[in-house]
Amino acid sequence: MADNVAEDIINGMAPIERELWQVHPRLHFTAATVARLQTQLTQEPWSQFLTRVQSLADAGQLPYPALLYLLTGEHEYLDDASRHLVRQSFPGASAPDLLNLALTYDWLYHDLDSETRAMTRDCIVEAGEELFNQLARHDLYWADTYTCNHLANFMLVLTTAGVAIHGEGAPVGPWLRF
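This write-up is about the structure you can find in this document. Numbers given to residues run from 1 along each chain, matching the order in which its sequence is written. Confidence filtering applies because this is a predicted model: local features only for residues at pLDDT of at least 70, side-chain atom pairs given and counted only at 80 or more, and all residues used for totals across whole chains, interfaces and linings. The side-chain figures draw on all heavy atoms in the structure; neither hydrogens nor water molecules are used.

1. Considerations on helix 7 (residues 114–136)
No. 1: Think of it this way: any DSSP run of H or I at least four residues long counts as a helix, any run of E at least two long counts as a strand, and we number them from the N terminus. Take the residue count of a helix, subtract one, and multiply by 1.5 Å to get its expected span. Between its terminal C-alpha atoms helix 7 stretches 32 Å, which fits the 33 Å expected from 23 residues at 1.5 Å a residue.
No. 2: Here helix 7 has its buried residues at T116, T120, R121, C123, I124, A127, G128, L131, F132 and L135.
No. 3: Two residues form a contact once any of their heavy atoms are found within 4.5 Å. Looking at the buried residues of helix 7, the elements they touch are helix 5 (75–88), helix 6 (95–108), helix 8 (149–165) and helix 9 (173–177).
No. 4: The definition of a polar contact used here is a pair of N or O atoms within 3.5 Å, where within protein one atom must be able to donate a hydrogen and the other to accept one, and adjacent residues in sequence count solely through side-chain atom pairs. Between the side-chain oxygen of the N-cap and the backbone nitrogen of E115 there are 3.1 Å, and the N-cap of helix 7 in question is D113.
No. 5: Taken from the residues just after helix 7, H138 is the one with a positive phi, measuring 60°. Remark: exposure states derive from per-residue accessible area (1.4 Å probe, protein chains only) relative to the maximum for the residue type, with buried under 20%, exposed over 50%, and partly exposed in between.

2. Topic: a negative patch on the surface
No. 1: Each patch is built from residues that are more than 30% exposed by relative accessible area and take part in no salt bridge. Like charges join if they lie within 9 Å; nonpolar side chains (Val, Leu, Ile, Met, Phe, Trp, Tyr) join within 5 Å. For the area figures, the Shrake-Rupley method with a 1.4 Å probe applies, and any residue is considered shielded solely by the protein chains shown. The salt bridge criterion pairs a side-chain nitrogen of Lys or Arg with a carboxyl oxygen of Asp or Glu, the two atoms within 4 Å. By the counting scheme adopted, Arg and Lys are positive, Glu and Asp are negative, and His together with the chain ends is not counted. Where a charge sits is defined by one atom per residue type, namely NZ (Lys), CZ (Arg), CG (Asp) or CD (Glu). A surface patch of like charges, here negative, comprises D58, E74, E76 and D79.
No. 2: Residue placement: E74 occurs in the loop between helix 4 (64–72) and helix 5.
No. 3: Since its relative accessible area comes to 34%, E74 is described here as partly exposed.

And the structure:
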């Protein structure tokens, strides 16, 4: 486990702490799930799904180029996703950017060059920590509106970011227990 084990423990039994420890991809699917899906991409409904992902990837919006690369192995989509990561990994990334960065980071973890991976991870840590602090301090209006979908969306983003980088030295256990 991580160097700062006490802070990174969620509850000791969470899948991310056990069978998904140091596994990528792990958000929405694993490599085994992707391999199974790849064999079905010529069949309905997956062929229509692939067509939709292709059009979104061609529009250049993360995380779709990453997803298309994962499904097809076409390196042009890895290159496109990597370029988008470099452009979008900046201080103060918004919640939607953080969600897309985290998904892309997880899905392409093994295929990103070390510099892009480190830069993206650092951005996820910084933006995730800022979002966590805003929610924990109730600095955001939505932090107190428990029936508002905005709070659920922020929690989804924070959890996705935490799962994407869990076990890589950043103390994200508090994000995932929040």
